[in-house]
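The lines below spell out each chain.
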Amino acid sequence: MKKIFFFTFLTAAFLAACSSDDQDEPKPEPRLITVEVTENPLLDANGEPKQLPTRTAAATTSESLSAFSMNYTAGYKYDFTKTDGSWNTNPYTWPVQDNSKIDFYAYNAGTFQWDPSNPSGNPYLSFTMDASAFNQTDLLVATHKAISFNDAGGKVSLDFDHACAAVKFNISKTAGVREKSVIVKSVVLSGVKNQGGYYYNVDTKWQGVKGSASYTLTTGDITLTTEKQPLPCGYLFLIPQPKEGLKLTVTYTVNNGTEQSHDFNLAGSWEAGVEYFVNINMGTAVIPQ
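Note that the coordinates shown come from a computational prediction; the quantities given were computed from them, not determined experimentally. (Residues numbered from 1 in each chain as written. Predicted model: local features only at pLDDT ≥ 70, side-chain atom pairs only at ≥ 80, totals over all residues. Heavy atoms only, no water.)

Participant: Can you lay out the sheet that holds strand 10 (residues 165-173) for me, pointing to particular residues and giving the numbers?
Facilitator: Ordered by their spatial adjacency, three strands build an open sheet running 16-10-21, and the pairing between neighbours is mixed. Only two strands of the sheet have a single neighbouring strand rather than two, namely strand 16 (229-238) and strand 21 (275-282). Neighbour-to-neighbour, the strand axes of the sheet open up by a mean angle of 20°, direction not taken into account. Here strand 10 runs beside strand 16; their pairing, made up of six bridges, is antiparallel. Note on strand 16: the bridge partner recorded for Ile171 is Gln229. (Pairing = 2+ DSSP bridges. Helix = DSSP H or I, 4+ residues; strand = E, 2+ residues; numbered from the N terminus. Axes fitted to C-alpha atoms, helices over the stretch in contact; angles between N-to-C directions.)

As structure tokens, this is what we get:
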């Protein structure tokens, strides 16, 4: 009986010890990530904020932005979408477990990469303009640097900037050819540098800008008047670049005659975050009396 009792006692003690050691520790609360989105408006030629009408290829605002991506590193990416006014993402937790300060880079188009020539990592977007003037992307970019989870309870504030120039084209005929019937068949902008890299952490944001693309800005015939008419493409969102080397070619008829073309050269440059107007005037220099 003593042997049996001794064995039973050891067994009970052993089970009690196992039960004590195997108790689950409470799991920490998940460190959720959220975003707060604002946007710096486009500027007009005088450097003032510009309120833009809704058009084909319209400028994107913080209200109309419906999706964007955000990277912590090249391989750690959040894709945010808006549902009923709220931003949602998966993954939904903070990317690191400690309270170290990290950098976030946000964008609504392009491909996020790190410059391999910089060992410390130089983040940039590889971006190519859409081949159609009617499907342009108003590229928005934002950063929030050196933020820890405890800084703002997991909230990342993103103030987006417009990385491209927004260019709108108008066309008209001058009073000197008022009596002539001028019908525009097409307007083409050629020589456009349509590829480049947007670098977040350097003063010269756009680098490696290249290409020589052409964009047709019309969809059909336009009967000119002396009033400015916007071309149907809406806004063309251009990578910032000099206008030298660009060419506007207008193909047209006068009094239903033979089609002819005229080239308009441009001067100056297009800068990021600014809205520009190009007014094409078909006058006596183009249409002799």
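Participant: Would you mind going over the packing of aromatic side chains in detail, with residue names and values included?
Facilitator: A full pass over the atoms with the stated rule returns 20 aromatic pairs. Both rings, one in Phe68 and one in Phe160, keep their centres 5.3 Å apart while their planes meet at 70°; by these two values the pair is edge-to-face. In this pair, Phe68 sits in strand 2 (residues 67-71) while Phe160 sits in strand 9 (residues 155-162), placing the two residues 92 residues apart along the sequence. Seen from their ring centres, Tyr107 and Phe112 are 5.8 Å apart, and the 10° between their planes marks the pair as stacked. Looking at Tyr107, the relative accessible area reads 4%, which means it is buried. Through a chain of ring-to-ring contacts, three or more aromatic side chains come together here, namely Phe68, Tyr72, Tyr76, Tyr78, Phe80, Trp87, Trp94, Phe104, Phe149 and Phe160. A cation over an aromatic ring shows up here: Arg31 above the ring of Phe149, its NZ or CZ 4.3 Å from the ring centre. (Phe/Tyr/Trp six-rings, centres within 6.5 Å; stacked < 30°, edge-to-face > 60°. Buried < 20%, exposed > 50% of the residue type's maximum accessible area, 1.4 Å probe, protein only. Lys NZ or Arg CZ within 6 Å of the ring centre and 35° of its normal.)

Participant: Help me get a handle on the pattern of salt bridges, residues and values and all.
Facilitator: For the coordinates displayed, the defined rule picks out four salt bridges. A salt bridge links Asp221 to Lys185; the nearest nitrogen and oxygen atoms lie 2.9 Å apart. Taken as a pair, Asp221 in the loop between strand 14 (213-216) and strand 15 (222-223) and Lys185 in strand 11 (residues 182-192) lie far apart in primary sequence, 36 residues in all. A relative accessible area of 27% means that Lys185 is categorised as partly exposed. In this structure, Lys247 engages Asp263 in a salt bridge whose closest nitrogen and oxygen atoms are separated by 3.9 Å. Separated by 16 residues along the polypeptide, Lys247 in strand 18 (residues 247-254) and Asp263 in strand 19 (residues 260-265) bring together distant segments of the chain. (Salt bridge = Lys/Arg side-chain N within 4 Å of Asp/Glu carboxyl O.)

Participant: Go over the nonpolar core, please, and point to the residues and values.
Facilitator: Ranked by size, the top nonpolar core spans 55 residues in total, and within it Phe169, Leu217, Leu248 and Met282 carry the most contacts. Elements that contribute at least two residues to this core include exactly strand 5 (102-107), strand 7 (123-128), strand 10, strand 11, strand 14, strand 16, strand 18 and strand 21. By residue number, the principal contributor to this core is strand 16, which donates six residues. Excluding residues that lie within four positions of it along the chain, Phe169 makes contacts with Leu189, Leu217, Gln229, Pro230, Leu231, Cys233, Leu236, Leu248 and Val278. (Core = buried A, V, L, I, M, F, W, Y, C linked by side-chain atoms within 4.5 Å. Contact = heavy atoms within 4.5 Å.)

Participant: For the sheet that holds strand 3 (residues 77-83), give the residues involved together with the corresponding values.
Facilitator: Judged by pairing direction, the sheet is mixed, and its seven strands sit side by side in the order 1-9-8-5-2-3-4 without closing on themselves. Both edges of this open sheet fall to strand 1 (34-39) and strand 4 (86-89), since each of them pairs with a single strand only. Here the average twist between neighbouring strands, direction ignored, is 25°. Pairing between strand 1 and strand 9: six bridges, direction parallel. The partner of Val37 across the bridge, within strand 9, is Leu158.

Participant: Explain unusual backbone geometry to me, and be specific about the residues and the numbers.
Facilitator: In this structure, Pro91 follows Asn90 across a cis peptide bond, with omega equal to 10°. Locating Pro91 in the fold gives a position in the loop between strand 4 and strand 5. A positive phi angle, near 55°, is found at Ala146, a position not held by glycine. As for its position among the elements, Ala146 is in strand 8 (residues 140-147). Here the phi dihedral of Asn255 falls at roughly 55°; this positive angle occurs in a residue that is not glycine. Relative to the helices and strands, Asn255 is located in the loop between strand 18 and strand 19. Residue Asn255 is classed as partly exposed on the basis of its relative accessible area of 45%.

Participant: Quick one: what's the story with the pairing of strand 4, residue by residue and with numbers?
Facilitator: Side-chain alternation along strand 4 places Trp87 and Thr89 on a buried face and Ser86 and Asn88 on a face that remains uncovered. In this structure, strand 3 lies alongside strand 4, joined through four bridges in antiparallel fashion. Note on strand 4: the bridge partner recorded for Thr81 is Asn88. Linking strand 3 to strand 4, which pair antiparallel, is a turn of two residues; within it Asp84 sits at a positive phi near 55°.

Treat this as a map of the structure, not an account of what it does.
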